[in-house]
Number of protein chains: 2
Amino acid sequence: MASSRLATNLSAIAAALGVSVATVSNALSGKGRVSPELVERIRKTASELGYVPSSAGRALRTGRSGVLGLVLPDIANPLFPQIAQAIEKAAVNAGYGVLIADARGEIAMQTDAIDRLIERGVDGMVVVPRRGTRISGVDCPVAVIDSPSTPGNTVAADHWDGGRQVGEYLASLGHRKVVLVGKNRDSNVQNDRLGGIRDGLGKTCLAQTLWIDGIEKGGGAGCRLGLAEKVAEGFTAFAAVSDLHALRVLTELQRAGIEVPEEASVTGFDDLIFSAVVTPPLTTMRMDMGRIADLAVGALLRAIDGAGENGAAVDVTADVSKVPMALIMRGSTGKTKHDAIEAKNTTAGELTP
Amino acid sequence: MASSRLATNLSAIAAALGVSVATVSNALSGKGRVSPELVERIRKTASELGYVPSSAGRALRTGRSGVLGLVLPDIANPLFPQIAQAIEKAAVNAGYGVLIADARGEIAMQTDAIDRLIERGVDGMVVVPRRGTRISGVDCPVAVIDSPSTPGNTVAADHWDGGRQVGEYLASLGHRKVVLVGKNRDSNVQNDRLGGIRDGLGKTCLAQTLWIDGIEKGGGAGCRLGLAEKVAEGFTAFAAVSDLHALRVLTELQRAGIEVPEEASVTGFDDLIFSAVVTPPLTTMRMDMGRIADLAVGALLRAIDGAGENGAAVDVTADVSKVPMALIMRGSTGKTKHDAIEAKNTTAGELTP
DNA sequence: CTGAAAGCGCTTACAG
DNA sequence: CTGAAAGCGCTTACAG
């Protein structure tokens, strides 16, 4: 007959045992020096009474809510599950809860989302900012997850190096004419990835960027990207900045009767939920979200613990880290058929193992 | 020079104006009767001082945290973004925050996740349960989002009727041999959808179910489903219980050189993020997540407000609602080529407009 | 090793 | 219309 009928508190336990609430508190928290026998009795009674500490009482007293905020530009972003899962895990491991705030894709709502979190008394927050947005003037510790190219305090994957790996990999497969597929020219993350890909591809490779937003401005959402034409022009690989776009490329190619990877290779980024499951499975670049989350939450906790020291100064975390990305080779990439033709004027011998 | 240097509270405002905290509280909350002029002065000072009410103080006093919990079986579930976004929106509209708790796919962790939320003092929680799990004994109002077939207190989409719509639609296109694609035999949601599809297809149609988990047990994750063989056997449509599986079907068919929708139609469920963007775009069945979330949160709020009445009794919400689903017709479905052949022994004339 | 007391910030009857 | 006072549940010095 444990618990139920809510509202068991320290006083109730104290009363039941004829001791003081201070002693109960000390025993349960393991801080004050209480005799082992008493601790045992108090624990027992607490559990019999179904005691759950009041987070409000504790928060009011300690000035800490034990809750971290997670601000997202748009929960609908396909990368969000990975981020949320990693942050939640890191927070729980550190004994914190996670309050979410979604800006629903509207840039203006980001500030609202942050304010909402402040009002709920979060001890700190992780912000995944809207493209190009700067976070400032927030009255609590903040860790930003973005591209390292973004000035400010950031924990991020090394998108540029990830791109470089993709580029080198495609080059090693013999690709010499590659279409880069991006969505939005303003995205730091996308620009980093694309820059890296170009770099990895090297000087001898022709790279051309297709901006989806630009194409859609003419043909409406979901219109054709004209990929078959690219293949006809001799392009043999498509490197997208996200698996979502890679999937779009893959299916448009397949629909046009172009075989992947035999006639064209496709790569993406982020290892989204569907990437391993499509046919052929997508070669992609994965971030170590667990590590990113640990860094972000760790920086937050340090800032929170340090906040008490120098008066009431609240410092934004300043842990600029670059987390490496990992290439995941799957079926959507292969050696180009054009190897034979192009081999003579390249160093393909060295590049293709 | 507003705000900063945290820690402005009611006392500070009261002191600055030479009034009592009670008056400040009343003025700011608009409850007590305070003269309009004073209200105005108090508001002004509060905003100048950058006053943010202490949620802890309020929670401790009122016994309400103003926070709702969202328990998820696995954030990695592709449907999660829609759920989270809808719940967050509904909660924010009602003035609540949302604390997330992820069971990371482990059935045992669901209880931990719930406990974590209780310890954080949520006023109620929305639970998306793991397959077949029953939620019970939780000491706060709970709204469950699942299939209506699950006994208990549930807000759900009408999965069965959604399936029926898919079935009828495929039948109306002339399909007479349809492969149903499910993942897990134990899922109420999947069984409802499949049952509905069979029902909508009608007696004259041959329907056969492919269970992905069963197939993968033999061939490992991501192995082929043998769809080309099904097409060879005369099946002309594939109806999956999720867009994720529909995507798998679509790409496997395309990879096998089978044209969609000319040679085979494909349908899914849930209108996932990628569904509109692939080629051909997926015909799918969408739930009204906004409505589901509103119902769930609404039920929760009613339970929360009612909790004070009958002693301390905490009642689980009992709002069993069926929210209709909407068919979204896109390019992955079309009339079957076999119409001509099969027309003689069916009522295809009536069914195809 | 144990307890009495103060106080975190708020709201809510209750007086005036 | 305004204020004094109590108390939500907890933790933390401080005494004993």
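Definitions and limits used
Residues numbered from 1 in each chain as written. Chains lettered and ligands numbered in written order. Predicted model: local features only at pLDDT ≥ 70, side-chain atom pairs only at ≥ 80, totals over all residues. Heavy atoms only, no water. Salt bridge = Lys/Arg side-chain N within 4 Å of Asp/Glu carboxyl O. Helix = DSSP H or I, 4+ residues; strand = E, 2+ residues; numbered from the N terminus. Buried < 20%, exposed > 50% of the residue type's maximum accessible area, 1.4 Å probe, protein only. Axes fitted to C-alpha atoms, helices over the stretch in contact; angles between N-to-C directions. Left-handed = near helix turned anticlockwise from the far one by under 90°. Contact = heavy atoms within 4.5 Å. Nonpolar A, V, L, I, M, F, W, Y, C, P; charged D, E, K, R; others polar. Buried area = accessible area lost by both parts, 1.4 Å probe. Polar contact = N/O pair within 3.5 Å; in protein donor to acceptor, adjacent residues only side chain to side chain. Pairing = 2+ DSSP bridges. Least-squares fit on C-alpha atoms with pLDDT ≥ 70 in both.

As annotated in an unreviewed UniProt entry, chain A carries the name LacI family transcriptional regulator and is attributed to Bradyrhizobium lupini HPC(L).

Caption draft 1: Focus on the pattern of salt bridges. For the structure on display, the rule yields 28 salt bridges over all chains. Arg116(B) is the salt-bridge partner of Glu88(A), the closest N and O atoms lying 2.9 Å from each other. Of this pair, Glu88(A) sits in helix α5 (residues 80–93) while Arg116(B) sits in helix α6 (residues 109–119), which puts the two residues in different chains. Like Glu88(A), the residue Arg116(B) is buried in the burial classification. Residue Arg286(B) pairs with Asp271(B) through a salt bridge whose shortest N-O separation is 2.7 Å. One end of the pair, Arg286(B), is in strand β10 (residues 284–287); the other, Asp271(B), is in the loop between β9 (265–267) and β10, with 15 residues separating them in the sequence.

Caption draft 2: Highlighting the packing of helix α7 (residues 159–172) of chain B against helix α8 (residues 188–201) of chain B. Residue and element names in this part refer to chain B. In the contact formed by α7 and α8, the axes pass within 6 Å of each other and the chain directions differ by 35 degrees. Both α7 and α8 take part in a crossing whose hand is right-handed. Contact residues: α7 offers His159, Trp160, Gly163, Arg164, Val166, Gly167, Glu168, Leu170 and Ala171, while α8 offers Val189, Asp192, Arg193, Gly195, Gly196, Ile197, Asp199, Gly200 and Leu201. Residues belonging to the contact of α7 with α8 are distributed by class as follows: 7 nonpolar, 6 polar and 5 charged.

Caption draft 3: Just the interface of chain B and chain A, in detail. Taken together, the contact between chain B and chain A spans 61 residues of the former and 61 residues of the latter. For the pair chain B and chain A, the summed buried surface comes to about 5,000 Å²; carbon and sulfur atoms form 61% of the total. Summed over the three residues of chain B that lose the most area to chain A, namely Gln85(B), Arg120(B) and Arg255(B), the buried surface amounts to 13% of that side. The partner of Arg104(A) in a salt bridge is Glu88(B), and the shortest N-O contact between them spans 3.9 Å. Counting across the interface, chain B meets chain A through 21 residue pairs in polar contact (both at pLDDT 80 or more). Here the residues of the side of chain B that touches chain A sort into 32 nonpolar, 14 polar and 15 charged. By the bridge criterion, 3 bridges tie strand β2 (residues 97–102) of chain A to strand β2 (residues 97–102) of chain B in an arrangement that is antiparallel. Among the inter-strand pairings, Leu99(A) is bridged to a residue of β2(B), identified as Leu99(B).

Caption draft 4: Layout of the relation of the copies chain B and chain A. The two copies are related by a screw motion: chain B maps onto chain A through a turn of 180 degrees and a shift of 0.0 Å along the axis, at an RMSD of 0.0 Å. This pairing of chains is accounted for by a two-fold axis. Closest to the rotation axis within chain B is the C-alpha of Leu99(B), separated from it by 2.1 Å. Interface overlap between copies: 100% of the residues of chain B at the interface are likewise at the interface in chain A, consistent with a symmetric, same-surface contact.

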